Amino acid sequence: MTSASTGIGWLGVPLAIVAGAFRGGTPFLFVSLGECLTEKSGKINLGLEGVLLFGAMSAYAISYKTGSPWLGVLAAACGGACLGLIHAWLTQKPKVNDIAVGIAMIIFGSGIAFFLGKPFIQPLAPQLPTIRIGLGEHVPSLDICPLFFVGVALAFALDWFFGGTRWGMFVRAVGDKAEAARALGISVWRVRTASIIVGSSLAGIGGAYLSLFYPGSWNERVSSGQGMIAVALVIFARWNPVHCLWASLLFGGAQALGPALQSVGVTSYYYLFNASPFILTLAVMILTCSNKRALSGVPGAFTDRT
Amino acid sequence: MENADVKKVGSILEPLTGSSSSGKGAHFRWRSHVESIVIPIGAILVSLAAFGVFCALAGADPFAVYASIYKAAFGSWYSFQNTLVRAAPLMLCSLGTAIPFQLGLVMIGSEGALVIGGLCATMAGLQLPTASPLVVQVVMAVVGMVAGGLWLASSGALKHYRGVNETISSLLMNYIAIAILNQAINSWMRDPSSLNKPASYPIPDEQMLQPLGDTTIHWGLVFGLIACLLAWVLITQTTLGFQIRTIGGNVRAAQIAGIPVGRITLITCFLAGACPGLAGMVEVAAIHGRANESLNAWYGYSGILVAFLARHNPLGCILISILLGGLLASGGILQRDHHLPDAAIMVFQGLVFLVILFSESLYGRWKIFREKEA
């Protein structure tokens, strides 16, 4: 995409950013939806970077072994669920710090991924199919992965789940007031465990996207920190799944800013532009947070710990 | 209300100050001391066993792997030097998490503070090509510490003045620091002769930190030991330390008691960030000789692990850093001797960390470790 944009000069910059929003935004979308579900139930999962890498590795390995990328995606979701189970079990023990478990899961998950993934760095695995959307003769077409549409559907489905279903209400109740939920006869442990496991498997699918579509290979640098900033992204999106979609597109676009400018010859500050998602998140958090009141939309479990 | 708060503060301080002095009776509360030794050792044994199973599944002999790790980490004076060289930045980085934790803040920004400290120290060192080595080193150390300190203090300030979650902001600032480093070594600081691995101009050899005696150990280890000792004295023996722990125990109680929470938060975070900043300076001035990507070697993230394993006790950080340094030093040998990928060490680290965290939930579970109330 970026190479194609050189032919049409400066017009290529916004186009490359739009393309980047769709391509680079998809992993952000999956991890942020997973984190959103986890946090709605009142727990934080900082370890999604480990899940993302593990998902990327298992998807690539299974796709290479079986020849079917979709089985790879399934494997990534299952792998993510396994890591999620560990996280869910540990964080619900008394006196165990969520954040510390998250860091441990980053080290453990990426360690396992690098360990098992060593033999798969060289071979080429079958990739996910591409949906090509043409925008006219002079404009390069957009290549979009079907997983992106799955993610968009999931964002709206999650929104409906939280707002309109009985189970969604259970999740919100557990996240807002665990005591009240318990009094209603809801099992806090089960709801949180389920939310963390499902959230984690979504992040695994995000990893599958990385290794099977864009950048489309498996190595130890396949993730550029998407899992790490999932937590920040959810705060950015105010714990709303549909806002997660917009925020992910914005982050994907911000990520494409550096390469897009480079392709038209603006090479100074390339590396700083690459950090724009992080700078953007920090800036938004500084502007919108306050030590006087809680953020709008924050689950109750996070407000009484300050 | 205030009384209850004070009581809560007292109970939080207990594990750090040693509960024996705070009890009314003079009897030594040995049961909880035994508990705090038995549980971590048990956890390490369990994680060793789990790692053994993992190695066996991967087709290696677990006992031979343990023996190799021991040999590579502590087996000879040469390998122990190697361990200590890696332990030095870990000690300094662990303080970047352990000190703010006393305030009740979970900071994970050591990586960023290390990178910024190393980068700024290099910039300062390159300004003084003709000065004497001692001057250059002192200037580099001070600049590195100030840069790292300000880097982490800004997360503390954001927390105190804007209510921004300090864990998230320090994490984001790690990435921003790494981006600044990459930008610097790829543009204005770039040495044109560094082709494949962009780097800054080198610090002249004679201005580098020299190793201690005829070992490969450098001054970083001394700095690390001193920093951990000072941190322990600061936290347990000084008025400032008491104020810090009071804020960590209960911010409301601290405010009511008239403690300037904002100022102390900033000072503490500055001191905490100065340690990884110094680690960055040492990495440049004693090992790499220039600022490049090697600064971003995950010492900051491993430091978080050290701090949590040491239960945020600076003296414990020394011991755990040496153990973890040994583990990091043995990464290569597993690949050479047992054909295990070097990520095996990362798996082991992750396992130890997870099991130790699980063991936190076991404190107070067994009757035998409960103190009998007189």
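All figures in this text were calculated on a predicted structure; none of them were measured in a lab.

Scoring rules and cut-offs
- Residues numbered from 1 in each chain as written.
- Chains lettered and ligands numbered in written order.
- Predicted model: local features only at pLDDT ≥ 70, side-chain atom pairs only at ≥ 80, totals over all residues.
- Helix = DSSP H or I, 4+ residues; strand = E, 2+ residues; numbered from the N terminus.
- Rg over C-alpha atoms; globule rule 2.2 N^0.38 Å.
- Buried ≥ 20, exposed ≤ 12 C-beta atoms within 10 Å, placed from the backbone.
- Contact = placed C-beta atoms within 7 Å.
- Axes fitted to C-alpha atoms, helices over the stretch in contact; angles between N-to-C directions.
- Parallel < 35°, antiparallel > 145°, perpendicular 65-115°, else oblique.
- Nonpolar A, V, L, I, M, F, W, Y, C, P; charged D, E, K, R; others polar.
- pLDDT = per-residue confidence, 0-100.
- Left-handed = near helix turned anticlockwise from the far one by under 90°.
- Expected span 1.5 Å × (residues − 1).

**A word on the overall build of chain A**
Now for step 1: What chain A contains, in helices and strands, is 13 helices and two strands.
Now for step 2: Over its C-alpha atoms chain A spans a radius of gyration of 19 Å, differing by no more than 12% from the 19 Å that the globule rule assigns to 306 residues.
Now for step 3: Counting the 306 residues in chain A, one finds 55% classified as buried.
Now for step 4: A sequence separation of at least 24 residues applies to 77% of the contacts in chain A between residues at least 6 apart.

**Digging into the packing of helix H11 (residues 241–263) of chain A against helix H13 (residues 276–288) of chain A**
Residue and element names in this part refer to chain A.
Now for step 1: One can describe the packing of H11 onto H13 by two numbers: an axis separation of 8 Å at closest approach and a directional angle of 135°. In terms of orientation, H11 lies oblique with respect to H13. The segment H11 lies against H13, with Phe 251, Ala 254, Gln 255 and Leu 257 engaging Ser 276, Pro 277 and Leu 280.
Now for step 2: A breakdown of the residues in the contact of H11 with H13 according to their chemical character gives five nonpolar, two polar and no charged.

**A look at the confidence of the model for chain B**
All names here are of chain B.
Now for step 1: Looking at chain B as a whole, its pLDDT mean stands at 88, while 92% of the residues score no less than 70.
Now for step 2: With pLDDT under 50 throughout, residues 1–25 is counted as low confidence; its partners more than four residues away or in other chains account for 28 contacts.
Now for step 3: On the interface metric, ipTM, the complex scores 0.89, and its pTM is 0.88.

**Quick look at the interface of chain B and chain A**
Now for step 1: In this assembly, 38 residues from chain B lie in contact with 39 residues from chain A.
Now for step 2: Elements represented by at least two residues in the side of chain B that touches chain A include exactly helix H6 (133–162), helix H7 (166–186), helix H12 (299–309) and helix H15 (344–360) of chain B.
Now for step 3: Split into classes, the residues belonging to the side of chain B that touches chain A amount to 26 nonpolar, 10 polar and two charged.

**Quick word on helix H7 (residues 166–176) of chain A**
Now for step 1: All of the buried residues in H7(A) are Phe170(A), Val171(A), Arg172(A), Ala173(A), Val174(A) and Gly175(A).
Now for step 2: Looking at the buried side of H7(A), the elements it contacts are helix H2 (12–40), helix H6 (146–164), helix H8 (178–183) and helix H9 (188–212) of chain A.

**A few points about the environment of Ile44(B)**
Now for step 1: Position of Ile44(B) among the secondary structure elements: in helix H2 (residues 30–57).
Now for step 2: Sequence separation between Ile44(B) and Lys159(B) is 115 residues, and the spatial gap between their C-alpha atoms is 35 Å.

**Overview of the packing of helix H3 (residues 48–66) of chain A against helix H5 (residues 98–117) of chain A**
Two packed helices can be described by the angle between their axes and the distance between those axes.
All names here are of chain A.
Now for step 1: With their axes 7 Å apart at the nearest point, H3 and H5 run at an angle of 20° to one another. One finds that H3 runs roughly parallel with respect to H5. In this structure, H3 meets H5 at a crossing whose hand is left-handed. Across from Glu 49, Gly 50, Val 51, Leu 53, Phe 54, Met 57 and Ala 61 in H3, the residues of H5 making contact are Met 105, Ile 106, Phe 108, Gly 109, Ser 110, Ile 112, Ala 113, Leu 116 and Gly 117.

**Quick look at H5(A)**
Now for step 1: For H5(A), spanning 20 residues, the distance from its first C-alpha to its last is 27 Å, which sits close to the expected 28 Å at 1.5 Å a residue.
Now for step 2: Counting buried positions along H5(A) yields 17 of 20 residues, so the element is predominantly enclosed.

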